Amino acid sequence: MTETPFDRDHLRRQTAGVRERILETLSALPLDGVSFMHGIPGLSIYRITEPVGPFYTVYEPSLSLIIKGSKRVSVGDETIVYDESSFLLTAIGLPMRGEISASSLAEPYVAAMLRLNLEAIRRLIVDHDLRPVNMADRDRGAAVGAATPELFDAFLRMISLQNSPNDIPFLANHIQNEILYRLLTGDQGARLRRFALSGTNSNRVAKAVAWLKENYTRPLRIEDLADMANMGASTLHHHFRAMTAMSPLQFQKHLRLHHARELMLSGSFDATTAALAVGYESPTQFNREYRRMFGHPPLRDVKAILQSAGSTTRNAVG
């Protein structure tokens with residue numbers, strides 16, 4: 001994942017005060033367990049008090065902002081670490097592996113995640129004439145950017161609305177639009193614009209990704225996926241790998257294995273039933289690919305997760 005250089009230490013010093021105010025605001029909210037679903041739709045708060053991971057999840061298009069701590073995420077074979085100086089922008093839905101290695105009761109990991117409204121992003125682009133800049137159209141679907149005081153301040157005001165729920169219907173959209181505007185005009189704005197606007201290769205591949213997420217159980221023909229994205233098969237494959245660090249078939253496999261794991265963790269599916277439910281025809285192939293991805297056979301892996309002290313945090317993705 002490409003990362004724009006910025007002075008992390010300087011940003012931490014700049015945002016120390018507003019991050020402390022966010023922590024004070026959160027201390028008054030009912031953060032029971034790991035996550036808190038805010039009264040604003042699409043806004044989630046996470047507070048982790050023990051090391052977690054590796055865990056696997058499918059990120060939605062979102063902005064993740066760490067208020068305290070750091071996190072390691074991987075897409076395909078690429079890994080980045082981000083912290084209080086940076087945000088993680090996920091422009092398309094991606095299967096990721098995450099890990100939070102440093103967290104405790106005394107020094108918890110605290111983060112906020114805001115689901116991105118792509119229609120709102122397109123409206124802002126048109127209303128403010130924020131056209132894509134002329135750059136190579138081969139974007140990663142996730143990237144790290146500089147977390148500025150202005151961005152943290154907007155999150156503080158948005159989180160604080162939980163204390164005045166009657167204000168949420170009027171003020172929440174204004175603050176979210178401010179956050180989107182700061183993203184679009186910041187160091188990752190050009191990337192976000194290309195994903196949001198139709199006609200770019202990034203947007204075409206984003207449509208292919210969205211189709212795969214909705215249809216991961218179905219057999220996949222690259223030619224059909226390319227036709228849906230209005231691209232040639234080789235062009236789709238090239239840009240798809242550039243954006244996701246995976247081929248379309250690898251992407252589908254990650255989705256299938258992730259969802260099969262979730263089905264087994266729910267307690268309603270054994271390994272064979274889960275494999276069939278997500279589109280595998282061969283339980284043997286499923287077991288082999290599951291072990292390659294998660295390190296253990298399905299039943300042993302699920303049993304270990306459920307028995308571990310960190311099992312309640314397996315879905316912590318903020």
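Everything here concerns the structure above.
All values reported here derive from a predicted model rather than from experimental measurement. (Residues numbered from 1 in each chain as written. Predicted model: local features only at pLDDT ≥ 70, side-chain atom pairs only at ≥ 80, totals over all residues. Heavy atoms only, no water.)

### Topic: the overall build of the protein
Rule in force here: A run of H or I in DSSP counts as a helix once it spans at least four residues, and a run of E counts as a strand once it spans at least two, with each numbered from the N terminus. Within these notes, the globule rule equals 2.2 Å times the number of residues to the 0.38 power, and the radius of gyration is based on C-alpha atoms. Throughout, exposure labels follow a simple rule: accessible area from a 1.4 Å probe, protein chains only, divided by the maximum for the residue type, with under 20% read as buried, over 50% as exposed, and the rest as partly exposed. Every residue pair with non-hydrogen atoms within 4.5 Å of one another is taken to be in contact. Under the convention used here, a 1.4 Å probe and the Shrake-Rupley method define accessible areas, while residue burial counts only the protein chains that appear. Neither His nor the chain termini are counted; the positive set is Lys and Arg, and the negative set is Asp and Glu. Here the site of a charge means NZ on Lys, CZ on Arg, CG on Asp, or CD on Glu.
Along the backbone of the protein there are 12 helices and 10 strands. For the protein, whose C-alpha radius of gyration is 20 Å, the value lies close to the compact-globule estimate of 20 Å for 318 residues. Dimensions along the principal axes, computed over C-alpha positions, put the protein at roughly 55 × 50 × 40 Å. Counting only residues that meet the buried cut, the protein has 52% of its 318 residues in that class. Here the contacts in the protein between residues at least 6 apart in sequence split such that 75% fall between residues at least 24 apart. As presented, the protein carries roughly 14,600 Å² of accessible surface, and 48% of it is formed by carbon and sulfur atoms. Each charge class in the protein can be summarised by its mean position, and for the 36 positive and 33 negative side chains these summaries are 4 Å apart.

### Focus: the pairing of strand E6 (residues 78-83)
For a regular strand, side chains alternate in direction, first toward one face of the sheet and then toward the other. Stated precisely, the cut-off is as follows: For two strands to count as paired, DSSP must find a minimum of two bridges between them.
Bridge analysis of strand E5 (residues 70-75) against E6 gives 6 bridges, and the strand direction is antiparallel. Bridge pairing links Arg72 to Val81 in E6. Between the end of E5 and the start of E6, which pair antiparallel, lie 2 residues, with Gly76 showing a positive phi angle near 60 degrees.

### What to know about the sheet that holds strand E1 (residues 35-37)
Put simply, the test is: Interaxial angles span 0 to 180 degrees and are taken between N-to-C directions of axes, which are lines fitted to C-alpha atoms, for helices over the stretch in contact.
If you trace the 6 strands from one edge of the open sheet to the other, you get E1-E2-E9-E4-E7-E10, paired in antiparallel fashion. Two strands lie at the open edges of the sheet, namely E1 and strand E10 (142-146), each paired on one side alone. On average, adjacent strands in this sheet sit at an angle of 20 degrees to one another, irrespective of strand direction. Here 6 bridges tie strand E2 (residues 43-48) to strand E9 (residues 109-115), and the two strands are oriented antiparallel to one another. Residue Ile48 lies in a different strand from E9, and its bridge partner there is Tyr109.

### A closer look at the pattern of salt bridges
Note the cut-off: The working definition used for a salt bridge is a side-chain nitrogen of Lys or Arg within 4 Å of a carboxyl oxygen of Asp or Glu.
Applying the stated criterion across every chain, the model contains 13 salt bridges. For Asp83, the salt bridge identified is with Arg8, shortest N-O distance 3.3 Å. Taken together, the residues Asp83 in strand E6 and Arg8 in helix H1 (residues 8-27) connect sequence positions 75 residues apart. According to the relative accessible area criterion, Asp83 is buried, its value standing at 11%. Close ionic contact of Arg12 with Asp83 constitutes a salt bridge, the shortest N to O distance being 2.5 Å. Pair noted here: Arg12 is in helix H1 and Asp83 is in strand E6, with a separation of 71 residues, a long-range link. One network of salt bridges, with partners in common, ties together Arg8, Asp9, Arg12, Asp83 and Glu84.

### Description of the pairing of E10
Counted residue by residue, E10 has 5 buried out of 5 residues, so it is predominantly covered. Note: strand E7 (residues 86-90) against E10, 5 bridges, orientation antiparallel. Looking across to E10, one finds that Phe87 is bridged to Gly145.

### Digging into the nonpolar core
Where a protein is soluble and globular, its nonpolar side chains tend to be buried together. So the rule is basically this: Here, the term nonpolar core denotes a set of buried Ala, Val, Leu, Ile, Met, Phe, Trp, Tyr and Cys residues that are joined through side-chain atoms within 4.5 Å.
Of all hydrophobic cores here, the largest spans 59 residues; its most connected members are Leu88, Leu236, Phe240, Phe251 and Phe286. With 6 residues, helix H9 (residues 248-265) is the largest single contributor of residues to this core. Among residues more than four places away in sequence, those in contact with Phe251 are Gly93, Leu94, Pro95, Val209, Leu212, Lys213, Phe240, Thr244 and Met246. Within the second largest apolar cluster, 41 residues are counted, among which are Leu63, Leu114, Leu130 and Leu183.

### Concerning the packing of aromatic side chains
Spelled out, the test is: Pairing of aromatic rings covers Phe, Tyr and the six-membered ring of Trp, with a centre-to-centre limit of 6.5 Å; geometry is then stacked below 30 degrees between planes, edge-to-face above 60, and tilted otherwise. Counted as over-ring charges are cases with an Arg CZ or a Lys NZ within 6 Å of the ring centre that also lie within 35 degrees of the ring normal.
Across all of its chains, the model carries 5 aromatic pairs by this definition. Between Phe286 and Tyr290, the aromatic rings sit 5.6 Å apart at their centres with planes inclined by 55 degrees, giving tilted as the arrangement. In this pair, Phe286 and Tyr290 are both assigned in helix H11 (residues 283-294), 4 residues apart and thus about one turn of the helix distant. Note on Tyr290: relative accessible area 0%, which makes it buried. One aromatic cluster is present, formed by Tyr56, Tyr280, Phe286, Tyr290 and Phe294 through successive ring pairs. A cation sits over an aromatic face here: Arg256 above Tyr280, 5.7 Å from the ring centre. Its end group placed over the ring of Phe294, Arg261 keeps NZ or CZ at 4.1 Å from the ring centre.

### Topic: H1
How we decide: Bend is computed residue by residue as the angle between axes fitted to the seven residues ending at the residue and the seven residues starting at it. Any N or O atom pair separated by 3.5 Å or less is treated as a polar contact, with the protein-specific requirement of one donor-capable and one acceptor-capable atom, and with residues adjacent in sequence counted only for side-chain atom pairs.
The sharpest bend along H1 comes to roughly 50 degrees, located at Ala16. Among the residues of H1, those classed as buried are Arg8, Leu11, Thr15, Val18, Arg19, Ile22, Thr25 and Leu26. Near the N-terminus of H1, the side chain that reaches the backbone nitrogen of Asp9, with its oxygen 3.3 Å away, is that of Asp7.

### Describing the sheet that holds E5
Pairing is antiparallel across the open sheet formed by 4 strands, whose spatial order is E3-E8-E5-E6. With partners counted over all chains shown, the strands left at the sheet margins are strand E3 (52-59) and E6, one partner each. If you compare each strand with its neighbour and ignore which way they point, the axes differ by 25 degrees on average. Bridge count for E5 against strand E8 (residues 94-100) is 3 bridges, and the pairing is antiparallel.

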